[in-house]
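Letter by letter, the chains look like this.
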Amino acid sequence: MTLRDDVSSGDQVESNGTALVTGGSRGIGAAAAIALAADGWNVGLSYRTQADQAAAVVAACERLGRKAVAIQADVVDPADIERLFDEVAAQLGPIGAVINNAGVISPAGRVAEYDVERLERVLRINVTGAFLVAGAAVRRMSTARGGTGGVIVNVSSRAAVLGSAGEYVDYAASKAAVDALTTGLANEVAEEGIRVVGVRPGLIETEIHEPGRLDRLGATPPLGRPGKPDEVAEAIAFLASARASYMTGTTLDVSGGR
Ligand code: NAP
């Protein structure tokens, strides 16, 4: 049962244009792709390795009456990102919303033990990747560059605020950088027809967590349970929609009070 099970077909919903979701094969990105399709968006999604899961998300979007396509693209590879944006636009039409979602977590550990390889991996994917995707979005959507505007939704984490002591302070820092990207870029492109907003999920039931972590921490949020990907996807779909037309530079916590 998902929050969108009552929506059998997107036919009754007016088309919203094309949304691109990075890391749309699984977890929060997959749920966001389906929520956006239910809201009338055609959806292009990227994945790194999980082609079968990406194809299943495409099929779910198509069952909602929308066009969808999955494209393999690594968010740390500028050529991949260019190809991703170009192929999605060629197949589905001009992109009006970009969900900057692909991300990774580090293994649990204390700062004193981090090595360069670990630090560079999480910062490269979560920070460099998010900046590269946001830049590609601005180059296509900015009214100053011939585009028609749009919205970028950055997927941050409550870790950015809480700090994740003893687990992954490097991941928390990478998401604090994503929050700064939301604030700074929103101001930079506000007069170019682009809103930049974000979500900070708390503990959400996806495969990103190390085994046992959800069982250990699941009951700790004030709401007494972990969140579901759909519950984050609803906030993303709202922020991407015209219903959030006066929101930019802001990041919503979706964290059960944690
Ligand atoms: P997930 O289930 O592990 O899914 C990660 C997605 O990102 C997959 O689609 C994966 O593709 C893709 N991906 C990873 N590295 C990539 C790369 N280098 N290039 C392109 N795609 C890449 O993770 P999730 O929990 O849904 O997390 C999604 C976002 O939410 C992340 O930014 C994460 O930091 C954030 N978040 C999650 C939680 C949580 O509790 N789950 C909380 C706060 C924030 P493949 O399937 O092909 O591997």
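About the criteria used
Residues numbered from 1 in each chain as written. Predicted model: local features only at pLDDT ≥ 70, side-chain atom pairs only at ≥ 80, totals over all residues. Heavy atoms only, no water. Helix = DSSP H or I, 4+ residues; strand = E, 2+ residues; numbered from the N terminus. Buried < 20%, exposed > 50% of the residue type's maximum accessible area, 1.4 Å probe, protein only. Contact = heavy atoms within 4.5 Å. Areas by Shrake-Rupley, 256 points an atom, 1.4 Å probe, with all protein chains shown as cover. Lys, Arg positive; Asp, Glu negative; His and termini not counted. Charge placed at Lys NZ, Arg CZ, Asp CG, Glu CD. Pairing = 2+ DSSP bridges. Phe/Tyr/Trp six-rings, centres within 6.5 Å; stacked < 30°, edge-to-face > 60°. Lys NZ or Arg CZ within 6 Å of the ring centre and 35° of its normal. Right-handed = clockwise from strand over helix to strand, strands pointing away. Near = heavy atom within 4 Å. Polar contact = N/O pair within 3.5 Å; in protein donor to acceptor, adjacent residues only side chain to side chain. Core = buried A, V, L, I, M, F, W, Y, C linked by side-chain atoms within 4.5 Å. Axes fitted to C-alpha atoms, helices over the stretch in contact; angles between N-to-C directions.

Caption draft 1: Broad picture of the overall build of the chain. Secondary structure assignment for the chain yields eight helices and seven strands. By residue count, 53% of the 258 residues in the chain fall in the buried class. Considering only contacts within the chain whose residues lie at least 6 apart along the sequence, 72% involve residues at least 24 apart. On the chain, roughly 11500 Å² of surface is accessible, and the fraction owed to carbon and sulfur atoms is 52%. The positive charge centre, built from 24 side chains, and the negative charge centre, built from 31, are 2 Å apart in the chain.

Caption draft 2: Just the pairing of strand β6 (residues 194–201), in detail. Burial analysis of β6 places eight of its eight residues in the buried class, which makes it a mostly covered element. In this structure, strand β5 (residues 150–155) lies alongside β6, joined through six bridges in parallel fashion. Residue pairing across strands places N154 opposite G198, the latter belonging to β6.

Caption draft 3: Just the packing of aromatic side chains, in detail. According to the stated counting rule, one finds one aromatic pair in the structure shown. On the basis of an interplanar angle of 75° and a centroid distance of 5.3 Å, the ring pair of Y168 and Y171 is categorised as edge-to-face. Here Y168 and Y171 have matching classes, each one buried. Over the ring of Y114 we find R118, and its NZ or CZ is 3.8 Å from the ring centre.

Caption draft 4: Main features of the pairing of strand β3 (residues 68–72). For strand β2 (residues 41–47) and β3, the ladder comprises five bridges, and the chain directions are parallel. Across the sheet, Y47 pairs through a bridge with Q72, a residue of β3. One crossover worth recording links β2 to the parallel β3 by way of helix α2 (residues 51–63), and it is right-handed.

Caption draft 5: Molecular detail of the site of the ligand. With respect to spatial proximity, 31 residues lie near the ligand, and among them S25, R26, T49, Y171 and T206 are the closest. At a separation of 3.3 Å, an oxygen atom of the ligand approaches a polar backbone atom of G202. Measuring from an oxygen atom of the ligand, one finds a backbone N or O atom of I204 at 2.9 Å. Taking 900 Å² as the accessible area of the ligand by itself, protein coverage stands at 97%. For the shell around the ligand, the secondary structure elements donating two or more residues are α1 (27–38) and α6 (169–189).

Caption draft 6: Geometry of the nonpolar core. Counting residues in hydrophobic clusters, the biggest one holds 37 residues, and the most contacted among them are L36, V43, V153, V199 and I236. Counting only elements with at least two residues in this core, the list comes to β1 (17–21), α1, β2, α2, β4 (95–100), β5, β6 and α8 (229–240). For this core, the leading source of residues is α1, giving nine residues. Once residues within four sequence positions are removed from consideration, V153 is found in contact with V98, I99, N100, V197, G198, I236, L239 and A240. Counting residues in hydrophobic clusters, the runner-up holds 29 residues, among them L92, V98, A130 and I152.

Caption draft 7: Representation of the sheet that holds β5 in the model. Strand order across the open sheet formed by seven strands is β3-β2-β1-β4-β5-β6-β7, with parallel pairing between neighbours. Edge positions in the open sheet fall to β3 and β7 (251–254), since each of these has one partner strand only. If you compare each strand with its neighbour and ignore which way they point, the axes differ by 20° on average. Packing against the sheet, helix α4 (residues 116–141) makes contact with β4, β5 and β6, and its axis sits at approximately 170° to β4.

Caption draft 8: Just the environment of G150, in detail. With respect to the helices and strands, the residue G150 is situated in strand β5. Classification of G150 by relative accessible area gives buried; the value is 18%. As a C-alpha pair, G150 and A112 span 38 residues in sequence and 42 Å in three-dimensional space. Residues in contact with G150, not counting those within four places in the same chain, are G96, M141, G193, I194 and R195.

Caption draft 9: Local environment of the side chain of D179. Tracing the backbone through its elements, the reader meets D179 in helix α6. With sequence-adjacent residues up to four places away left out, D179 is seen in contact with S156, A160, R200 and T251.

Caption draft 10: Fine view of unusual backbone geometry. The backbone of S164 shows a phi angle near 55°, a positive value even though the residue is not glycine. Within the secondary structure layout, S164 lies in the loop between α5 (159–162) and α6. Look at S164 and you get buried, because its relative accessible area is 14%.

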